[in-house]
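Inside the fold
Each chain, written out:
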Amino acid sequence: PARHVYADPSAPVGAQTERRATLIAGMDFGFRSPSVVLFAQLTDAILRIVDELVVTETTVARIAERIRAHPLGPPAWLGVDPAGRQRSEQTGVSSISVLRDAGLSVRWRRSGVQEGLGLIRARLDPASRAPDTNDPTHDLCEPAGARLMVHARCTTLIESMATYHYPEKRPDSLDPVKDGPDHAVDALRYLLINLERPRKAGRGRYC
């Protein structure tokens, strides 16, 4: 938190520089479990999560209304879980269709959990930064500054990232435990997976 959390949680949404950049968002669907929407802005290669919406037992249509009414305006696009394409057995309409009918631009892309987590890790702790030509001892593989910042008002995401974990009794498992903290992290995964394309593996220098 000391590195990635910024600003005063009591400051109103939209204060200062938050009104200058394009708003984008990521969403994890839920009903009895929380639905989480993360609002973000990308400036100078740094992704700033500026606000969050966390609700339970709320329809997608109602959530869409709240997204459109955000103080910074509706997001340019909303990255969501591809499972949102499935039609509801009760309504015959998919969650993505409901969002689009509300006038929101929706993006989705199939991806594995580890791919999305890799994008989060890459922004939390980038592998390298440009060398300092004034410092001959500078290591090209020295950790760079963080490229993911979270506003202090986003308490659910902050707590979720601090408690997100894998099964203690299965150290070889690549599947995180689905016990609550995953919802906000999933919303962040869907945001990043639709913001950044995966890079192809290739030969290079290892640190």
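Look above for the structure.
Here's what I pulled together on the structure shown here. (Residues numbered from 1 in each chain as written. Predicted model: local features only at pLDDT ≥ 70, side-chain atom pairs only at ≥ 80, totals over all residues. Heavy atoms only, no water.)

Digging into the packing of helix H4 (residues 155-163) against helix H5 (residues 182-195)
- The interhelical angle for the contact between H4 and H5, taken along N-to-C directions, is 100°, at an axis separation of 8 Å. The angle between H4 and H5 falls in the class roughly perpendicular. Contacts between H4 and H5 involve Thr156, Leu157, Ser160 and Met161 from the first element and Ala184, Val185 and Leu188 from the second.
- Broken down by class, the residue content of the contact of H4 with H5 amounts to 5 nonpolar, 2 polar and no charged. (Axes fitted to C-alpha atoms, helices over the stretch in contact; angles between N-to-C directions. Helix = DSSP H or I, 4+ residues; strand = E, 2+ residues; numbered from the N terminus. Parallel < 35°, antiparallel > 145°, perpendicular 65-115°, else oblique. Contact = heavy atoms within 4.5 Å. Nonpolar A, V, L, I, M, F, W, Y, C, P; charged D, E, K, R; others polar.)

A few points about the pairing of strand S2 (residues 23-28)
- Within S2, 6 of the 6 residues are buried, leaving the element largely enclosed by the surrounding structure.
- Side-chain alternation along S2 places Leu23, Ala25 and Met27 on one buried face and Ile24, Gly26 and Asp28 on a second face that is also buried.
- Pairing of S2 with strand S3 (residues 35-43), which is carried by 6 bridges, proceeds in the antiparallel orientation. Within S3, the residue paired with Ile24 across the bridge is Ala40.
- Count of turn residues in the S2/S3 antiparallel hairpin: 6 residues.
- In the sheet, S2 pairs with strand S5 (residues 78-80) via 3 bridges, with the strands oriented parallel. Directly across from Ala25, in S5, lies its bridge partner Leu78. (Buried < 20%, exposed > 50% of the residue type's maximum accessible area, 1.4 Å probe, protein only. Pairing = 2+ DSSP bridges.)

Brief notes about the sheet that holds strand S1 (residues 5-6)
- Spatially, 7 strands are ordered S1-S7-S4-S3-S2-S5-S6 in an open sheet, and the strand pairing comes out mixed. Looking at which strands have only one partner, the edges of the open sheet turn out to be S1 and strand S6 (106-108).
- The strands that helix H3 (residues 113-124) touches are S3, strand S4 (46-55) and strand S7 (148-151); relative to S7, the one it contacts most, it runs at about 90°.
- Packing against the sheet, H4 makes contact with S1, S3, S4 and S7, and its axis sits at approximately 105° to S4.

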